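# Overview (structure and organization)
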Amino acid sequence: MTAPACPKAMTYGPCGGVAEDGSCEVAPHPCAFLPLPTVRWPGDRVTRPGPEPRLLALLRQRPVVVADLPAVALSRGSLERCADLVAARVDAVLLGDHAAARVQFPPAYRAALVQARGVPVWQGLNCRDRNRVALEGELAALADLGVGAVHCVTGDHTATGDRPDAQPVFDLDSTQLAAAARAAGLLVSVGETPHGPPAQRRPHRLVEKARAGAEVCFVDHAGGPAELAEFVGAATDAGADVPFVACVAVATDPGSVAELRRFTGLRLPAGYLAGIEGARDPRRAGVAAAVALAEAYLAVPGVRGVDLSGVAAPGTEATTAAALAEIGRALT
Ligand code: SF4
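Residues numbered from 1 in each chain as written. Predicted model: local features only at pLDDT ≥ 70, side-chain atom pairs only at ≥ 80, totals over all residues. Heavy atoms only, no water.

Our working definition: UniProt positions are given in the numbering used here, feature names are shortened, and annotations may be inferred rather than shown by experiment.
For the chain, an unreviewed UniProt entry supplies the name Methylenetetrahydrofolate reductase and the organism Klenkia taihuensis. UniProt, in its Pathway (unreviewed entry) section for the chain, records the words "One-carbon metabolism; tetrahydrofolate interconversion." Taken verbatim from the UniProt record of the chain, the Sequence similarities (unreviewed entry) comment is "Belongs to the methylenetetrahydrofolate reductase family."

Shown next, in the form of structure tokens:
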């Protein structure tokens, strides 16, 4: 029998979207990579001439706070307002996918707008919307802009977003994009989902991403400090010599709690969202919960930073950015 094909045409799979029962994020069959051994990256990591990037040096010196920047898609004003709110409160902002809108300003344009407000940018780049030529152009522009870092992901399939009419590209995958970004001279991060099947092989997949060029790993919502420590320990033992940045879910109102609940694969400490939802002052409770979880994550050996990640309900982008700034100030 022929093995099912990966709808993202990945070489270095599996992606982070494998369901808990091992089924594919997109197609009605098991993930194509489940029966396969971890795909090895051929060759050695590209070395970067010159001094260590600022954010990498900072990760070695003290805990670093990154925040997903909420903003209305395709709105320069919203992007700039939200950047101003978090300026000097966090070390960098991660500009990734929008929860509800696949169409966004091009990555390098968004990075330029935010950087112009004095906020260091950790730019997200996915393989869904651009082929390798377009991605190489974005990487060149990001390097020219001098962004802090680039976060390389394969990306969700177009079938799962608000533009299922768009053709998915997936000319590269996250591992290959990490290599291209490193070759462009950028500081490179990748993500890994500790509990994503096959969970026991996720640490080894990270090792291959690091061999390709990744220097930082963002750990998706792991469940809690114990689960995070287990993954970081396993990845370190496997040879992933990178600092880890743990994702911290931020919810400060019933709308953002509801948005987070829509992510079925999200793992959070027991009662985390219920505690915020049931509080008399959800904003205050959400900020306190995020600060406590971030501090617990930062106490895990190998974890050098946190990424404050929340999904702003429509109309709450600025208030969410203000909450992220408050959390950032409490942590730095
Ligand atoms: S779950 Fe992801 S990696 Fe696995 S077959 Fe589907 S798209 Fe490919």
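## Focus: the overall build of the chain
Note the following rule: Helix and strand assignments follow DSSP, with helices taken as H or I runs no shorter than four residues and strands as E runs no shorter than two, numbered in order from the N terminus. We take the radius of gyration over the C-alpha atoms and set the globule estimate at 2.2 Å times the residue count to the 0.38 power. Exposure is judged per residue with a 1.4 Å probe applied to protein chains only, and the accessible area is read against the type maximum: over 50% gives exposed, under 20% gives buried, and values in between give partly exposed. Contacts are residue-level and defined by heavy atoms, with any inter-residue pair within 4.5 Å sufficient. The Shrake-Rupley method, run with a 1.4 Å probe, gives the accessible areas here. Residue values count only the displayed protein chains as cover.
A tally of regular secondary structure across the chain gives eleven helices and eight strands. For the chain, the C-alpha radius of gyration of 19 Å lies close to 20 Å, the compact-globule estimate for 332 residues. Dimensions along the principal axes, computed over C-alpha positions, put the chain at roughly 55 × 45 × 45 Å. Within the chain, the fraction of its 332 residues that count as buried is 51%. For the chain, the share of sequence-separated contacts (at least 6 apart) that also reach a separation of at least 24 residues comes to 78%. As presented, the chain carries roughly 14100 Å² of accessible surface, and 55% of it is formed by carbon and sulfur atoms.

## Some thoughts on the site of the ligand
Selection rule: We call a residue near a molecule or strand as soon as one heavy atom of that residue lies within 4 Å of the molecule or strand. Polarity classes work like this: nonpolar for Ala, Val, Leu, Ile, Met, Phe, Trp, Tyr, Cys and Pro, charged for Asp, Glu, Lys and Arg, and polar for all others, with Gly in that last group.
Inspection of the region around the ligand gives Cys6, Pro7, Lys8, Met10, Pro14, Cys15, Val18, Cys24, Glu25, Cys31, Ala32 and Phe33 as its neighbouring residues. Here the shell around the ligand is composed, by residue class, of ten nonpolar, no polar and two charged.

## Description of the state of the cysteines
Cut-off, in case you're wondering: The term disulfide is used for any two cysteine sulfur atoms that are within 2.5 Å.
For the structure on display, the rule yields zero disulfides. This cysteine, cysteine 152, is not joined by any disulfide, and cysteine 127 carries the nearest cysteine sulfur, 7.6 Å off.

## Structural notes on the nonpolar core
We count it as follows: We call a set of buried residues a nonpolar core when its members are Ala, Val, Leu, Ile, Met, Phe, Trp, Tyr or Cys and they connect through side-chain atoms within 4.5 Å of each other.
Residues Phe244 and Leu308 are the most contacted members of the largest nonpolar core, which totals 76 residues. In this structure, phenylalanine 244 is in contact with Leu206, Cys217, Val219, Phe231, Val232, Ala235, Thr236, Gly302, Val303, Arg304 and Gly305, ignoring residues within four places of it in sequence. Leu56, Val66, Trp122 and Val216 belong to the second largest nonpolar core, which has 14 residues in total.

## Topic: unusual backbone geometry
Excluding glycine, residues mostly have negative phi values, and the peptide bonds linking residues are mostly trans. The omega angle of the peptide bond from glycine 13 to proline 14 is 0°, so this bond is cis rather than trans. Considering the arrangement of structural elements, one finds proline 14 in the segment before helix H1 (54–61). Across the junction of proline 197 and proline 198, the peptide omega takes the value -5°, indicating a cis bond. Along the polypeptide, proline 198 turns up in the loop between strand E5 (188–192) and helix H6 (202–212). A positive phi is found at leucine 74, a non-glycine position, where the angle reads about 65°. Its location among the elements puts leucine 74 in the loop between strand E1 (64–68) and helix H2 (76–86). Note on leucine 74: relative accessible area 48%, which makes it partly exposed.

## Side note on H6
Here H6 lies mainly inside the structure; nine of its eleven residues are buried. Within H6 the residues assigned to the buried category are Arg202, Pro203, Arg205, Leu206, Val207, Glu208, Lys209, Ala210 and Ala212. Residues of H6 that are buried make contact with helix H5 (174–183), E5, strand E6 (216–219), helix H7 (225–238) and strand E7 (244–249). Phi turns positive, to about 150°, at glycine 213, one or two residues after H6.

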